[in-house]
Amino acid sequence: MSEPFRTSDVSLLLDLAHDYARDYQRNLDSRAVFPGREALQNLERFSEDLPLEPCDPRTTLEMLHEVGSPATVAQTGGRYFGFVNGGSLPVGLAARWLADVWDQNTAHYVMSPVAAKLEEVCERWLADLLHLPAGTAAGFVTGTTLANFSGLAAGRNELLRRQGWDVASAGLYGAPPVRVIVGADAHAAVHKTLSLLGMGDLHTETVPVDDQGRMRADLFPRLGGPALVVTQAGNVNSGAFDPVGRICNLVHEAEGWVHVDGAFGLWAGASPALGGLFAGVEKADSWAVDAHKTLNVPYDCGIAFCRDREALLSAFRASAAYFQWSEHRDPMNYTPSMSKRARSVELWAVLKTLGRSGVAELVDGLCAHARTLASRLRDEGFSILNDVVFNQVLVSCGDDALTSATLEQLQQSGEVWCGGSTWRGETVIRVSVCSWATTGDDVARSVQAFVEAREKAGKA
Ligand SMILES: *Cc1c(COP(=O)(O)O)cnc(C)c1O
C-alpha cells in the first residue's frame, strides 16, 4: 500500500502529533493571544492546489504544526476573553484524544455501547447537578444552537400534538397557529433556530427587557392558546438571567411551553453560591446548554434537555430497514443527527473528575475572576456597564470612540483578546471569563493591558 495507508504508521503519527501538541502547549503562555501578521500571512501556504499524489503523512502533520499552530487563537490560555468561548480542561482533552482513537459513531447502541452508556450516565448526572426534574431526557449535540433547535422542535411538536396535529407527518402546512414569544435580547441563535423550525421573526412576539436585558415578566402579552416561550439564563452581553420561574408560572397557567437558552448560564445551577440567580429555572420544559463554554469541555459539545422524554424522542424518530434498535439507549433518537462523534466521553471524563464540588468551584472561580476584573478596571477609571452577576463584564472608556480605539489596541496587543458589542446604545468591550486556565496573575496582566491600550488609543 502507498505511504498514507500503512497501519504501522499509527503509533508514529500519534507520537508526532503528541510532540507537536507538547510544543504548542509549552509556548502557549508566551505567545500572542491572537496570531500576528506573519502567522496569518503564512496561512497562504495552505492555498496550494490539491496534490496529485499521496505524500508522507509526516509531511502533512509537520505543515499543520508549522503553519497551523502559530495561526491559532490561544483560546486555551488564560487571557482569551472573546465571545463566550470556553477553554479545555486537561482531562477532557486527554479523554477526547483517547476517544478520537476509538472513532466511535454514536448513532445506534450497536455502533458504540460505551458511548451510549456514557450518554445515559451524563444525562442522569447532569439533570441531578443542574436541579432539573429526575427523568429529564438529554440529547448530545454540537452546541446550544442545535440544543435550542432540539428543545424548540420538541416544544412546537408537543404543543401541536395537543391540538391533534402531528408535525412529523403533516408538517406545518395548514397547522393550527402556535404563538412564539421571546425576549427583546434573545440570542441570535434563537432567531436562527426559530426560522429553521418554520417560525420566522415576522410572527414572533417580543417581550421588553429591563436595563440588564432580563425579560419583564410584568410586561408579558396576554396568554391564551398554545405558546412557545423562549427565555434565557445568561444574557450573552450582561450575563443576566430572565425571571424564568415567574415566566413559567404565567405560561404554565395557559397552554404554554417554556424553553431556556442557558448556553453558559445554566451551569449556575451547579453552584450553591449562585442559587438565587438560578431559582425557578428548573420549572421550564426544555433547556439548552453548552459544555464547551462554562464547563470547559473541548469543542464541540452541547446538550438539549427535555422534561418530557417522549416529546424529545418523537421529534427525532426515524426509521429504515437497516437500522438496528436495541433495548438500550440509541443516541440518534435524541438528536437531529444520526452519525455523530462520542461527545459523551469527554463530558463524562470532566464530570467524573470534577465531581459536584469541582464543577461548583470551576463556575464560582470564573465569576470571581470576572468580579475582580470589573472592580480593578473600575479602579483604573473604566466604567462597568452591567451588574456583574456571572462571568460577563461590559467595559466602557466613557466615550464610544475611545472605547472602540481601546478595543482595537487590545486586540492587537497579543496580551489579551476581547470582543466588542453595543450595550443600551453604548459601545463596549465585552469580557467573558470562561476558561479554567485564567489565574489571578492573568487578571492583573489583563487590567494592565487595558490601561496601556487606552493610553495608546488616547494618543493615536
Ligand atoms: C453561545 C450561545 C449560543 C449559541 O451556542 P453555540 O454553542 O455557539 O451553538 C446561544 N445562546 C447563548 C446565550 C449563547 O451564549
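Calculation notes
Residues numbered from 1 in each chain as written. Predicted model: local features only at pLDDT ≥ 70, side-chain atom pairs only at ≥ 80, totals over all residues. Heavy atoms only, no water. Axes fitted to C-alpha atoms, helices over the stretch in contact; angles between N-to-C directions. Helix = DSSP H or I, 4+ residues; strand = E, 2+ residues; numbered from the N terminus. Parallel < 35°, antiparallel > 145°, perpendicular 65-115°, else oblique. Left-handed = near helix turned anticlockwise from the far one by under 90°. Contact = heavy atoms within 4.5 Å. Nonpolar A, V, L, I, M, F, W, Y, C, P; charged D, E, K, R; others polar. Expected span 1.5 Å × (residues − 1). Bend = angle between axes of the 7 residues up to and from the residue. Buried < 20%, exposed > 50% of the residue type's maximum accessible area, 1.4 Å probe, protein only. Polar contact = N/O pair within 3.5 Å; in protein donor to acceptor, adjacent residues only side chain to side chain. Near = heavy atom within 4 Å. Patch = residues over 30% accessible without salt bridge, like charges linked within 9 Å, V, L, I, M, F, W, Y side chains within 5 Å. Areas by Shrake-Rupley, 256 points an atom, 1.4 Å probe, with all protein chains shown as cover. Salt bridge = Lys/Arg side-chain N within 4 Å of Asp/Glu carboxyl O. Phe/Tyr/Trp six-rings, centres within 6.5 Å; stacked < 30°, edge-to-face > 60°. Lys NZ or Arg CZ within 6 Å of the ring centre and 35° of its normal.

Novice: Teacher, can you tell me more about the packing of helix H6 (residues 144-162) against helix H8 (residues 188-196) here?
Specialist: Helix packing geometry: the angle between the two helix axes and the distance between the axes. For the pair H6 and H8, the least separation of the axes is 9 Å and the interaxial angle reads 50°. As the angle between them shows, H6 and H8 are arranged oblique. Crossing geometry of H6 relative to H8 is assigned as right-handed. From H6, Thr145, Asn148, Phe149 and Leu152 reach across to H8, where they touch Ala189, Val190, Lys192, Thr193, Leu194 and Leu196. Looking at side-chain class alone, the contact of H6 with H8 contains six nonpolar, three polar and one charged residues.

Novice: Help me understand helix H12 (residues 343-379), please; the structure alone is not making it clear to me.
Specialist: What sets the pattern is the α-helix's 3.6 residues per turn: residues three or four places apart point alike. Over its 37 residues, H12 extends only 42 Å from the first C-alpha to the last, a length that falls short of the 54 Å expected when each residue adds 1.5 Å. Gly355 marks where H12 bends most, by close to 95°.

Novice: It is not clear to me how the side chain of His65 should be interpreted in this structure. Could you clarify?
Specialist: For His65, the location among the structural elements is in helix H3 (residues 57-68). The buried category is assigned to His65, whose relative accessible area is 14%. Side-chain polar atoms of His65 contact the side chain of Asp23, separated by 2.8 Å.

Novice: Teacher, can you tell me more about the site of the ligand here?
Specialist: In the vicinity of the ligand, 13 residues are found, and the nearest of them are Thr145, Asp261, Asp290, His292 and Lys293. A distance of 2.7 Å separates a nitrogen atom of the ligand from a polar atom in the side chain of Asp261. For the ligand, an oxygen atom lies 2.7 Å from a polar atom in the side chain of Asp290. A class-by-class count of the residues in the shell around the ligand yields four nonpolar, six polar and three charged.

Novice: So what exactly am I meant to see when it comes to a nonpolar patch on the surface here?
Specialist: Taken together, the side chains of Val10, Leu14, Leu98, Val101, Trp102 and Val114 make up a nonpolar region of the molecular surface, amounting to roughly 520 Å² of accessible area. Among the elements of the structure, helix H1 (9-27) and helix H4 (90-102) are those that each provide at least two residues to the nonpolar patch. At three residues, H4 tops the list of elements feeding residues into the nonpolar patch. By secondary structure assignment, the location of Val114 is in helix H5 (residues 113-129).

Novice: I tried to follow the packing of aromatic side chains on my own but got confused; where do I start?
Specialist: Note on aromatic pairs: each is described by the distance of the centres and the angle between the planes. Using the criterion set out here, one finds eight aromatic pairs in the structure. Relative to Trp417, the ring of Phe83 lies with its centre 5.9 Å away and its plane at 20°, an arrangement referred to as stacked. In this pair, Phe83 sits in the loop between H3 and H4 while Trp417 sits in the loop between helix H13 (400-413) and strand S10 (419-423), placing the two residues 334 residues apart along the sequence. Taking 5.9 Å as the distance between ring centres and 65° as the angle between the ring planes, the aromatic pair formed by Phe241 and Phe390 counts as edge-to-face. In this pair, Phe241 sits in the loop between strand S4 (227-232) and helix H9 (244-253) while Phe390 sits in the loop between strand S8 (383-384) and strand S9 (392-396), placing the two residues 149 residues apart along the sequence. Comparing Phe241 with Phe390, the two get one shared label, buried. Through a chain of ring-to-ring contacts, the aromatic side chains of Phe34, Tyr80, Phe83 and Trp417 assemble into a single cluster. Over the ring of Trp423 we find Arg424, and its NZ or CZ is 4.0 Å from the ring centre. When the ring centre of Phe382 is taken as reference, the NZ or CZ atom of Arg454 above it lies at 4.0 Å.

The values are spatial; any link to function lies outside them.
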